[in-house]
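# Coordinate inspection notes
Here are the chains, one letter per residue:
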Amino acid sequence: MLINSKTKYTLVSIILFVVAIVQAGLSNTHIDSTLSFIESELARAKKVNNKNVFEAIEITSNLLQVTKELNNDSITNNVKYYLSLYYLIVDQTDDCLSVIEEIIPYYKIKNEYRYHVLKNRIATIKIRFGQYDEALSLLSETEKYFTKNKSKVSLGFTYIFLSDIYTHKSEYINAYKFSNKALKTFQEKGNYDFTSMAQTNLGYIHLLLKDYETASTYFEEIFEHRENIVSKSFLVRPLIYNGILKYEKGEIDEAKLDIAAGLESMENLGNFPDLSLAYLYQGKIAIKEKDYKKAALSIDNALMYASEGRNLKSEFEALLLKAEFESIVKPSKDNFNLLKKVCDWAKDNKDYILLESSTGLISDYFLRNNKLREALEYQKIANEASEKRHQKEKGNEITLLQEKNKFQEDLILKEAKEKELELNLQSKIKVNSIMTFGLTFLALLLFLVIQQFISKKKAFSKLKATHNELLAAEKVLDVKKTELEKYIESNIQLSQFAHIASHDLKSPLRTIVSFTGLLKRNAGDRLSQKEKDYMSFIQEATTELSDLVEDLLNLSKINSMSLKRSQLDVNELINKVLQNLSYDIESKGAIIDLDININQIFADPIQTKQLFLNFISNALKFSKENAVPHIKIDAFEKTNEWYFRIQDNGIGIEPQFHSKIFNDFERINNKSKYKGTGMGLSICKKIVEKHDGQIWVDSELGIGSTFHFTIGKSIDLSSKDAKANILNVCQIDS
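The model shown is predicted, which means the values in this text are computed figures rather than measured ones.

### With respect to the overall build of the chain
Looking only at helices and strands, one finds 26 helices and seven strands in the chain. Burial analysis of the chain (734 residues in total) assigns 43% to the buried set. Within the chain, counting contacts between residues at least 6 apart in sequence, those at least 24 apart form 66% of the total. Accessible surface computed for the chain: about 40,600 Å², of which carbon and sulfur atoms make up 54%.

### A word on the packing of helix α2 (residues 53–70) against helix α3 (residues 73–89)
The N-to-C vectors of α2 and α3 enclose an angle of 160 degrees; their axes lie 9 Å apart at closest approach. Our classification of the angle between α2 and α3 gives roughly antiparallel. In this structure, α2 meets α3 at a crossing whose hand is left-handed. The segment α2 lies against α3, with V53, A56, I57, T60, S61, L63, L64, T67 and L70 engaging I75, T76, V79, K80, L83, Y86, Y87 and I89. Taken together, the residues that form the contact of α2 with α3 break down as twelve nonpolar, four polar and one charged.

### Quick notes on the confidence of the model for the chain
Confidence in the prediction for the chain averages 76 pLDDT; 69% of positions are at 70 or higher. Across the chain, the element-wise mean pLDDT spans from 40 in helix α26 (residues 720–729) up to 94 in strand β5 (residues 641–647). Confidence drops under pLDDT 50 across residues 1–28; counting only partners more than four residues distant or on other chains, this segment forms two contacts. Low pLDDT (under 50) marks residues 715–734, which in the prediction has 41 contacts with non-local residues, meaning those over four places away or in another chain.

### Considering the packing of helix α22 (residues 570–580) against helix α24 (residues 605–621)
Running from N to C, α22 and α24 point in directions that differ by 50 degrees, and their axes come no closer than 10 Å. With respect to α24, the element α22 is oriented oblique. The hand of the α22/α24 crossing is right-handed. In contact with L573, I574, V577, L578 and N580 of α22, α24 contributes P605, T608, K609, F612, L613 and I616. Taken together, the residues of the contact of α22 with α24 sort by class into eight nonpolar, two polar and one charged.

### Observations regarding helix α16 (residues 336–348)
With 13 residues, α16 extends 18 Å from end C-alpha to end C-alpha; this agrees with the ideal 18 Å at 1.5 Å per step. Within α16, the full set of buried residues consists of F336, L338, L339, V342, C343, W345 and A346. Remark: K350 follows α16 within two positions and exhibits a positive phi of approximately 55 degrees.

### Thoughts on a nonpolar patch on the surface
A cluster of nonpolar residues, Y292, I328 and V329, forms a patch on the protein surface that exposes about 220 Å² of accessible area. In this fold, Y292 is placed in helix α14 (residues 292–308). Using a relative accessible area of 30% as the deciding quantity, one classes Y292 as partly exposed.

### Considering the pattern of salt bridges
Following the criterion strictly, the structure yields 16 salt bridges and no others. A salt bridge links E289 to K256; the nearest nitrogen and oxygen atoms lie 3.1 Å apart. Separated by 33 residues along the polypeptide, E289 in the loop between α13 (275–288) and α14 and K256 in helix α12 (residues 252–269) bring together distant segments of the chain. Since its relative accessible area comes to 35%, E289 is described here as partly exposed. A relative accessible area of 35% places K256 in the partly exposed class.

### Description of the packing of aromatic side chains
What the rule picks out here adds up to 29 aromatic pairs. Ring geometry for F366 against Y378: centres 5.8 Å apart, planes inclined by 25 degrees, an arrangement best described as stacked. Of this pair, F366 sits in helix α17 (residues 352–368) while Y378 sits in helix α18 (residues 372–394), placing them twelve residues apart in sequence. Like F366, the residue Y378 is buried in the burial classification. Considering the side-chain rings of F644 and F709, the 5.0 Å spacing of their centres and the 15 degrees angle between planes classify their relative orientation as stacked. With F644 in strand β5 and F709 in strand β7 (residues 704–712), the pair connects residues that are 65 residues apart, well separated along the chain. Grouping residues by exposure puts F644 and F709 together as buried. Among the aromatic residues, those joined into a cluster by ring pairs are F157, F161, F186, F194 and F234. Here the guanidinium or amino end of R114 rests over the ring plane of Y81, the centre of that ring lying 3.9 Å away. When the ring centre of Y81 is taken as origin, the NZ or CZ atom of R121, which lies over that ring, is 4.5 Å away.

### Topic: helix α25 (residues 680–690)
Three or more residues of α25 are buried, namely L681, S682, I683, C684, I687, V688 and K690. Residue D692 follows α25 closely and has a positive phi angle near 55 degrees.

### Side note on the sheet that holds β5
If you trace the five strands from one edge of the open sheet to the other, you get β2-β4-β5-β7-β6, paired in mixed fashion. Each edge of the sheet is formed by a strand with only one pairing partner; in this case those strands are β2 (591–596) and β6 (695–700). Strand-to-strand twist in this sheet, taken as the mean axis angle between neighbours without regard to direction, amounts to 10 degrees. Across six bridges, the pairing between β6 and β7 is antiparallel.

Thresholds, definitions, all that
- Every chain is numbered independently, its residues counted from 1 as its sequence is written.
- Given that the model is predicted, a residue must reach a pLDDT of at least 70 before its local features are reported, and side-chain atom pairs must reach 80 or more before they are shown or counted; all residues, however, enter totals for whole chains, interfaces and linings.
- Note that water and hydrogens are dropped before the side-chain values are worked out from all heavy atoms of the structure.
- For helices the rule is a DSSP run of H or I covering at least 4 residues; for strands it is a run of E covering at least 2, with both sets numbered from the N terminus onward.
- Residue exposure (1.4 Å probe, protein chains only): buried if accessible area is under 20% of the type maximum, exposed if over 50%, otherwise partly exposed.
- Residue contacts follow a heavy-atom distance rule, with two residues in contact if any of their heavy atoms lie within 4.5 Å.
- Calculation of accessible area relied on Shrake-Rupley with a 1.4 Å probe; when residues are assessed, cover is drawn exclusively from the protein chains displayed.
- Note on geometry: axes are lines fitted to C-alpha atoms, helical ones only across the stretch in contact, with angles between N-to-C directions running from 0 to 180 degrees.
- Orientation categories follow fixed angle ranges, with anything under 35 degrees roughly parallel, anything over 145 roughly antiparallel, 65 to 115 roughly perpendicular, and all other angles oblique.
- The sense of a crossing depends on the near helix, which, turned anticlockwise from the far helix by less than a right angle, makes the crossing left-handed and, turned clockwise, makes it right-handed.
- Polarity classes work like this: nonpolar for Ala, Val, Leu, Ile, Met, Phe, Trp, Tyr, Cys and Pro, charged for Asp, Glu, Lys and Arg, and polar for all others, with Gly in that last group.
- A residue's pLDDT is the predictor's confidence in that residue, given on a scale from 0 to 100.
- By definition here, a helix of n residues has an expected span of 1.5 Å times n minus one.
- Residues with no salt bridge and a relative accessible area higher than 30% make up the patches, which join like charges within 9 Å and nonpolar side chains (Val, Leu, Ile, Met, Phe, Trp, Tyr) within 5 Å.
- The working definition used for a salt bridge is a side-chain nitrogen of Lys or Arg within 4 Å of a carboxyl oxygen of Asp or Glu.
- Paired rings are identified among Phe, Tyr and Trp, the last through its six-membered ring, by centres lying within 6.5 Å, and are further divided according to the angle between planes into stacked (under 30 degrees), edge-to-face (over 60) and tilted (the rest).
- The criterion for a charge sitting over a ring is simple: Lys NZ or Arg CZ within 6 Å of the ring centre, and within 35 degrees of the ring normal.
- Between any two strands, at least two bridges found by DSSP are needed for them to pair.

The following block contains the structure:
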């Protein structure tokens, strides 16, 4: 069959069209499969745990090669968006910044939410670099955006980053404010993981303020809800900080265990920004235990991880510890350049804590080298840094802020209750009107009018009565607010005054001791024995005055702090005290007998521990020469109180002094033979009386002493401390 040219042309066109369709179909199939592959690989990267984040980096980096074939900015930038996050997690801050700078112009136009998330990531890096002003500028913009768009989780993280800035700057009132905002934001979302992160920040802030009890409360609450926390990585930081807390409290063995457990968790779960801090405190513990090999390794690790993450503050803290460590193991080594490096950075960044420590060590360095002028110069800088640090701390009245927040919350609840009552009354009036509306118009018209009148009158009377009750309640609440603020303000001022006075007195006292010792060494044999005795007398008197200042500070704390009662295991408490005094007990070969017939008591843990510590250390101090100290501690429960008795075979007390020994500054023994300020038993008496108890002594000179004290089982509601304690744990009810 012959095919004409027109038919041939038509057939060729049809074939070419079919081929084009097939090719297009194959091309679309390839694009669809590529997109599907990218989507599945991104999903796989998101599921990678913290320990294997480098795997997520490898997945997303490989995907960038795949996206080149598509030539699609949206897909490529989406992959880079997640890659920047993974770089941030493993502290590859330079790579993270480089990726963000590539994609942020695109998201500024195409996706405003991601644009602000990227600004948050840049701010996080700026914080690590110590560029706080730039970070604050970025975060103030993102805070406004996330608040306006009600992006709760991103807003909560913004608050966390703002808190981190103020924590680094030692402006703890602002740090507390933003961490508290983050806590409330995450609690509204019902997210335990992020809630624990905010609680960790709050605990760390209180730890830095040396409010160890409140810090411990935050960490304990996190551990109580550990089952609700999905990502166990959120339990690592509170574990590390709890170890630091125990270190600062002097509980070295427990601190060592917690920090070791935290480091092990980091190894199992992945990299953390606090890795440098954990190694820093592991180094401090090793120095205390004189395990210098481990200390050197820990300090090197702290420096390495701080440097890798470009965390400058952590790096200079590690450098300072390295200088302190070298001065111990290599006293002759010249570490001036290292200390000067820390000092210069601290001065430029107004880090008065680091500046005070570094300049103090530089002053000691010059003293060792007999350069008195330079030593005095740096000692002055250290004193100025200390003064500026204390001026900063004056503004950190977190306790007052907490109480004011509680008061504001109470007012909000009262106002909400009033509005609810008004709405209920209005709805009742409407219901009554609707129910009576269907009745016969002519027969029940009069009844309807009367019924509505009575209903409205009752409603008005009820509303008026409720309104009057609320007005009265607000007046009572105002009075309570005024009393509460005055009480809190006076306590805070007293505590701050005692703390500042203690510091301001101790600093010159240390200088007197240092320079007297220096003069004594430099003068050498040129001094007569009488002049040497004068020098020794100055040093002893200055040390005694320093001890007295310390005891005054402890006494002011006992007077100003409200009781924080909790369940205490008596045997565990006494064993901890004996462990703290183990050196004195072993050196004197003392015998300790315990006959404790009480399991638990309800008392303030810190003050009760101080009570036993004072009694037992006194029994060891006032033991007889050439006699083994024998101390017996027994306790049993009575109807309304717990009774304790501590008996020793020491030097004893004459009867005329039995009541006087509990007075402030009362000393009845030879001052040169028995050191002390006469404040120990006075502090004991105040602690016992705050616990609604009594204290007394039975003693015979040369035979020994028996101290008795009780702790009340019930809280005396007439006591100011009890009222303050109740207000701390209950809402104010008018």
